[in-house]
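In case you want the letters, here they are:
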Amino acid sequence: MSDYDASTYGERIASVFDAWAGSMPTADTVEFLAGMAGPGPVLELGVATGRIAIPLAERGLEVHGVEPSPAMLEKLRAKPGGDRVNAILGDLLDVEIGRRFSLVFAIGDTVFLLASQEDQIRCFERAAAWLADGGAFVVETIMPSAMLKRDPFLLVERVEADEVRLHVGQLDAARQRMSSAHVVLGADGVRLYPIQGRFALTGELDLMARLAGLRLRERWADWKREPFTARAFRQVSVYERTPDAPPG
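Residues numbered from 1 in each chain as written. Predicted model: local features only at pLDDT ≥ 70, side-chain atom pairs only at ≥ 80, totals over all residues. Heavy atoms only, no water.

Student: Mind showing me how you'd approach the pattern of salt bridges here?
Tutor: Note that side chains of opposite charge can pair when their charged atoms are close. Tallied over the entire structure, the rule returns 13 salt bridges. Ionic pairing is found between R99 and E62, a salt bridge with its closest N-O pair at 2.6 Å. Taken together, the residues span a long stretch of sequence, with R99 in the loop between strand 3 (85–89) and strand 4 (101–106) and E62 in the loop between helix 3 (53–58) and strand 2 (63–67) at a distance of 37 residues. In the salt-bridge network here, residues are joined through shared partners; they are D109, E140 and R234. (Salt bridge = Lys/Arg side-chain N within 4 Å of Asp/Glu carboxyl O. Helix = DSSP H or I, 4+ residues; strand = E, 2+ residues; numbered from the N terminus.)

Student: Help me out: how do you make sense of the nonpolar core in this one?
Tutor: Within soluble globular proteins, side chains that are nonpolar tend to cluster in buried spots. L45, V104, F124, F137 and L214 are the most contacted members of the largest nonpolar core, which has 33 residues in total. Of all elements in the fold, only strand 1 (42–45), strand 4, helix 5 (117–130), strand 5 (131–142) and helix 7 (202–211) reach the threshold of two or more residues within this core. Of all the elements, helix 5 adds the most residues to this core, at six residues. Not counting chain neighbours up to four residues away, the residues in contact with L45 comprise V66, L92, V104, F105, A106, T110, C123, W130 and F137. Formed by 27 residues, the second largest nonpolar core is a distinct cluster that contains A37, V42, I54 and A87. (Core = buried A, V, L, I, M, F, W, Y, C linked by side-chain atoms within 4.5 Å. Buried < 20%, exposed > 50% of the residue type's maximum accessible area, 1.4 Å probe, protein only. Contact = heavy atoms within 4.5 Å.)

Student: What is the right way to look at unusual backbone geometry in this model?
Tutor: In this chain, G40 is followed by P41 through a cis amide linkage whose omega measures 0°. As for its placement among the helices and strands, P41 is situated in the loop between helix 2 (26–37) and strand 1. For A48, which is not glycine, the phi torsion reads 55° and is therefore positive. Looking at the secondary structure, you find A48 in the loop between strand 1 and helix 3. Non-glycine residue D109 carries a positive phi angle of around 70°. By the element assignment, D109 lies in the loop between strand 4 and helix 5.

In short, shape yes, function no, at least from these values alone.
This is the structure in structure tokens:
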């Protein structure tokens, strides 16, 4: 898609995001992140409709979030508790935030939605600069090995009398590019919700962290802290600043 940019995903999918996110492990994610946050404040990169940010704020944490999609933020602000989140409209690679945080997190493949390796490195650098002493940067992504085993893929997500929802996609292993779309077939026609980005192996993520002055503290297969192995479908990595990291 030649007109695809940082806000396209959110602008297209905002109207159905919450309904489709019902299967995501919200409670486990919130519990994990709250335990990492300490007294706060915390910052979410790609806050979307506040699925995680609002429950964290309801626990008494000061929560900030960056989101490039106006439609996503409109949904967040309309929710009960949405006013507790300091939501900032902007590109997470360029937005200026004059704060330091005990926790910065990018979950649900947010890092993979960035278009290039340079953008992903920049994301790690920004996160590192926003971290307070002793703070953590938490990154969640799908495992590329799991994606490559199913490439190309067609998943049937929903079949109802009035609607069929499919998820189709393909990967370019040489360029580490991923392109997919949710395709909804219904009485009102065909709707497309595209997703584009770049995937990276865990070792590459760790190298990006190192370049940003971060190091891996721990890595898990999910939010319940199941051990991370070669069979893992997802990974949750926790990074911290190194002693010799440049000041933010």
